[in-house]
Amino acid sequence: MNITIAIDCMGGDHGPVVTVPATLAFLRSHPDAEAILVGREEELTPLVEKAQAGLKSRLHIHNATQVVGMGEPPASVRAKKDSSMRVALHLVRNGQAQAAVSAGNTGALVMISRFALKTFPGIDRPAICFALPTIKGHTYALDLGGNVECTPKHLFQFGVMGTMLASALDHNDSPTVGLLNVGAEEIKGNDLTRQAAELFRASNLNYYGYIEGDDIFKGTTDIVVCDGFVGNVALKTSEGLAKMLATFMREEFGRGPLSMLMGLAAMPVLRRFKHRANPGRYNGAVLLGLSGGVVLKSHGSADAYAFEQALARAADAVANDLIRRIRDRMETMMGANGEIA
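Residues numbered from 1 in each chain as written. Predicted model: local features only at pLDDT ≥ 70, side-chain atom pairs only at ≥ 80, totals over all residues. Heavy atoms only, no water.

Right, let's talk about the nonpolar core for a bit. Counting 64 residues, the largest nonpolar core has Ile5 and Leu179 as the members making the most contacts within it. By residue number, the principal contributor to this core is helix α6 (residues 152-170), which donates 9 residues. Residues in contact with Leu179, not counting those within four places in the same chain, are Leu155, Thr193, Ala196, Ala197, Phe200, Tyr207, Gly209, Tyr210, Ile211 and Val225. Ranked by size, the runner-up nonpolar core spans 37 residues in total, among them Ala64, Val87, Ala97 and Leu180. (Core = buried A, V, L, I, M, F, W, Y, C linked by side-chain atoms within 4.5 Å. Buried < 20%, exposed > 50% of the residue type's maximum accessible area, 1.4 Å probe, protein only. Helix = DSSP H or I, 4+ residues; strand = E, 2+ residues; numbered from the N terminus. Contact = heavy atoms within 4.5 Å.)

Before going further, it helps to spend a moment on the pairing of strand β1 (residues 3-8). In terms of burial, β1 is largely enclosed, as 6 of its 6 residues are buried. Neither face of β1 is open: one carries Ile3, Ile5 and Ile7, the other Thr4, Ala6 and Asp8, and all of them are buried. Viewed along the sheet, the connection from β1 through helix α1 (residues 16-29) into strand β2 (residues 33-39) turns out right-handed. With 4 bridges connecting them, β1 and strand β4 (residues 99-102) associate as parallel partners. Bridge assignment links Asp8 to a residue of β4, and that residue is Ser102. (Right-handed = clockwise from strand over helix to strand, strands pointing away. Pairing = 2+ DSSP bridges.)

With that settled, consider a nonpolar patch on the surface. A cluster of nonpolar side chains, namely Leu241, Met244, Leu245, Phe248 and Phe273, defines an oily patch on the protein surface of about 430 Å² accessible area. Tallying contributions element by element places helix α9 (residues 228-253) first for the nonpolar patch, with 4 residues. As for its placement among the helices and strands, Leu241 is situated in helix α9. (Patch = residues over 30% accessible without salt bridge, like charges linked within 9 Å, V, L, I, M, F, W, Y side chains within 5 Å. Areas by Shrake-Rupley, 256 points an atom, 1.4 Å probe, with all protein chains shown as cover. Salt bridge = Lys/Arg side-chain N within 4 Å of Asp/Glu carboxyl O.)

One pass over the full model with this rule turns up 3 cavities of 30 Å³ or more. Approximately 50 Å³ is the volume found for the largest cavity. If you trace the largest cavity, you find it lined by Leu132, Ala141, Leu144, Leu180, Ile216, Val224, Cys226, Gly231, Ala234 and Leu235. Here the lining of the largest cavity gets 3 residues from one element, more than from any other, and that element is α9. Partitioned by chemical class, the residues of the lining of the largest cavity number 9 nonpolar, 1 polar and no charged. (1 Å grid on protein atoms, 1.4 Å probe; cavity = no way out; pocket = protein on both sides within 12 Å on 5 of 7 lines; lining within 4 Å. Points joined across faces, edges and corners; volume = space filled by probe spheres on them. Nonpolar A, V, L, I, M, F, W, Y, C, P; charged D, E, K, R; others polar.)

Taken as a whole and assessed by the stated rule, the structure comprises 9 salt bridges. Measuring nitrogen to oxygen at the nearest pair gives 3.2 Å for the salt bridge that ties Glu185 to Lys188. The partly exposed category is assigned to Glu185, whose relative accessible area is 43%. Between Arg194 and Asp191 there is a salt bridge whose closest N-O contact spans 2.8 Å. Linking Arg194 with Asp191, this pair stays in helix α7 (residues 191-201), spanning 3 residues, or about one helical turn. We classify Arg194 as partly exposed; its relative accessible area is 29%. Connected through salt bridges with shared partners, the residues Asp321, Arg324 and Asp328 form a single ionic network.

And the structure:
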């Protein structure tokens, strides 16, 4: 299957110096894929000139003269009709690419995606969904920053979309859904979580109940639902913890000749640990709920390795026909009143 990904090369903290090398590495490992590099042509061309001929034939540069700044309010980007982010998304809408990947401004990406690619019937807002590693494998967590203010209905919709994703990618017909809360007891939580819990209990989803923060990495449920404020804090905290542990281990193995010798002996184990705990390995969050194509959000600070992983996740979503699978499953859950049951 030929897969074409439109890449917002100007987005993120680093721009083309990261996104272009990452794209070249991605194309080397995905011979059936093509990439459209979207951004300022004068900056992109020198970075691809030395690429292998076989890769050049699968690379296309699409000039876009404007850039969405990381700190810009989402509403202000509407005037930037030739921004690399907007152009990349419109390439998906027009059928020139099946997926778009950006490390740029999260709020702007969610807003532009919502208007360019639309949401499924019954879904009010797209949500940022991330596959987090757990003791048992992985869990899908959403929303992770796209919607910081939510209603109970939004949280329920996130649970529906997470269920669709797990069904499509993991072939799990009845994934468990947990609602992130400050306690497992039904009396715990605020009005938002309690009212959302009522919607989940009344649905045909496989609702597990409330879960707490430590349940995320235990893999207690297949899907973790929360609002974007809580989800983003949880995600960034876990990434910071992983980096702190790696730093502590380096420091301890560097405390004197004996510790260094023990570190050398443990090096194979340490390398495997680093690989499993590397946040960049899991980079790339799907904007769930969009009906017009696949959109992946990369961390703004992602290096070339991490951004390559986001591109690979986008290709995997397209190869698994994610949009069609979600659409088909959503149709089976849609009630006569246009609401999801």
